[in-house]
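Residues per chain are reported as follows:
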Amino acid sequence: SSGINAEYGGTHTIMADGALRAPNGVHQLAMAAKYFSVPVIVCAAVYKLSPTHLCSYDPDAFNKVIGPENMLNFSNEKLHSKVLISNPDFDYVPSDFIELFITNTGGHAPSYLYRIISELYHPEDYDLDNMCVEAVEDDICI
């Protein structure tokens, strides 16, 4: 019998807990893969690893909304005046949907990413917002 053995894909960002900030639509694919017991394998270079976590799902902080022109035909002007369209650029994909990460350093389980991040980032780099505030307070230009 033929079927899907694995789902492979890339991502925009790999978060510290193994979750993804991925292109819109990846969350639905990962949910379907989990439902059918198909492993999801993410291929990305280590520079896509981020020391940040998603503390609470705030769509305005996590996502950006892009124009709808890439998903709609604008020939029906009557329809467009009556419809409000939100087109988020990214999906949040929890780490429990991901089976394996393949990077330029090898294959890694989502639970092992913290170790790679600790090798790539200094602990003071984990909160870039505070670093920027401190730099402004100290009149340091970055």
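Above this note sits the structure.
Keep in mind it's a predicted model, so treat the numbers as computed, not measured.

Reading the values: rules and limits
Each chain carries its own residue numbering, running from 1 in the written order of its sequence. With pLDDT at 70 or above as the cut-off, local features in this predicted model cover only qualifying residues; side-chain atom pairs require 80 or more to be listed or tallied, and sums for whole chains, interfaces and linings still use all residues. Side-chain metrics in this entry use all non-hydrogen atoms of the structure; hydrogen atoms and water are not considered. Under the DSSP-based scheme used, a helix requires at least four consecutive residues in state H or I and a strand at least two consecutive residues in state E, with every element numbered from the N terminus. Each residue's exposure class comes from its accessible area (1.4 Å probe, protein chains only) as a fraction of the maximum for that residue type: buried when under 20%, exposed when over 50%, partly exposed otherwise. For two strands to be treated as a pair, DSSP must find at least two bridges joining them. To define a nonpolar core, start from buried Ala, Val, Leu, Ile, Met, Phe, Trp, Tyr and Cys residues and group those joined through side-chain atoms within 4.5 Å. Two residues qualify as a contact provided that any one of their heavy atoms is within 4.5 Å of a heavy atom in the partner residue. Where helices are involved, their axes are fitted lines through C-alpha atoms of the stretch in contact, as for all axes, and angles between N-to-C directions lie from 0 to 180°. The criterion for an aromatic pair is that two Phe, Tyr or Trp rings (for Trp, the six-membered ring) have centres within 6.5 Å, with stacked assigned to planes under 30 degrees apart, edge-to-face to planes over 60 apart and tilted to the rest.

**Student:** I'm lost on the overall build of the protein in this one. Help?
**Tutor:** Along the backbone of the protein there are 5 helices and 7 strands. Helices and strands in the protein line up, N terminus first, as β-β-β-α-β-α-α-β-β-β-α-α. Considering the protein as a whole, with its 142 residues, one finds that 29% of them fall into the buried category.

**Student:** How should the sheet that holds strand 3 (residues 20–23) be read in this particular structure?
**Tutor:** Strand pairing in a sheet relies on backbone hydrogen bonds, with the paired strands running either antiparallel or parallel. If you walk across this open sheet you meet the 3 strands as 2-3-5, and the pairing is antiparallel. Each of the sheet's edge strands pairs with one partner strand only, and the pair in question is strand 2 (13–14) and strand 5 (90–93). Note that strand 2 and strand 3 share 2 bridges and pair antiparallel. What sits directly across from Ile14, in strand 3, is Leu20.

**Student:** Explain the nonpolar core here, please?
**Tutor:** Side chains of a nonpolar character, in soluble globular proteins, are inclined to be buried together. Counting residues in each nonpolar core, the largest one holds 20 residues, and the members touching the most others are Ile14, Leu20, Leu49, Val93, Ile98 and Phe101. Among the secondary structure elements, those contributing two or more residues to this core are strand 3, helix 1 (26–35), strand 4 (40–43) and helix 4 (113–120). Among residues more than four places away in sequence, those in contact with Leu20 are Thr11, Thr13, Ile14, Met15, Val42, Phe62, Asp91, Tyr92, Val93, Ile98 and Phe101.

**Student:** Sorry, what's going on with the sheet that holds strand 1 (residues 7–9) here?
**Tutor:** Read across the open sheet, the 4 strands follow the order 1-4-6-7; overall the sheet is mixed. Here the strands that pair on one side only, and so sit at the sheet edges, are strand 1 and strand 7 (106–108). Each adjacent strand pair in this sheet contributes to an overall mean axis angle of 20 degrees, direction not counted. Sheet topology places strand 4 next to strand 6 (residues 100–103); 3 bridges connect them, and they run parallel. Across the sheet, Ile41 pairs through a bridge with Leu100, a residue of strand 6.

**Student:** Would you mind showing me how to read the packing of aromatic side chains here?
**Tutor:** Note on aromatic pairs: each is described by the distance of the centres and the angle between the planes. Going through the model one piece at a time under the given rule, you end up with 1 aromatic pair. With a centroid separation of 4.9 Å and an interplanar angle of 90 degrees, the aromatic rings of Tyr35 and Phe36 are classed as edge-to-face. Phe36 shares its class with Tyr35; the two are exposed.

**Student:** Sorry if this is basic, but what is going on with the pairing of strand 6 here?
**Tutor:** Looking along a regular strand, one sees side chains alternate from face to face of the sheet. Only one face of strand 6 is covered, namely the one carrying Phe101 and Thr103; the face carrying Leu100 and Ile102 has none of its residues buried. Sheet topology places strand 6 next to strand 7; 3 bridges connect them, and they run antiparallel. Residue pairing for strand 7: Thr103 is matched across the bridge by Gly106. Between the end of strand 6 and the start of strand 7, which pair antiparallel, lie 2 residues.

Keep in mind these numbers describe shape, not what the thing actually does.
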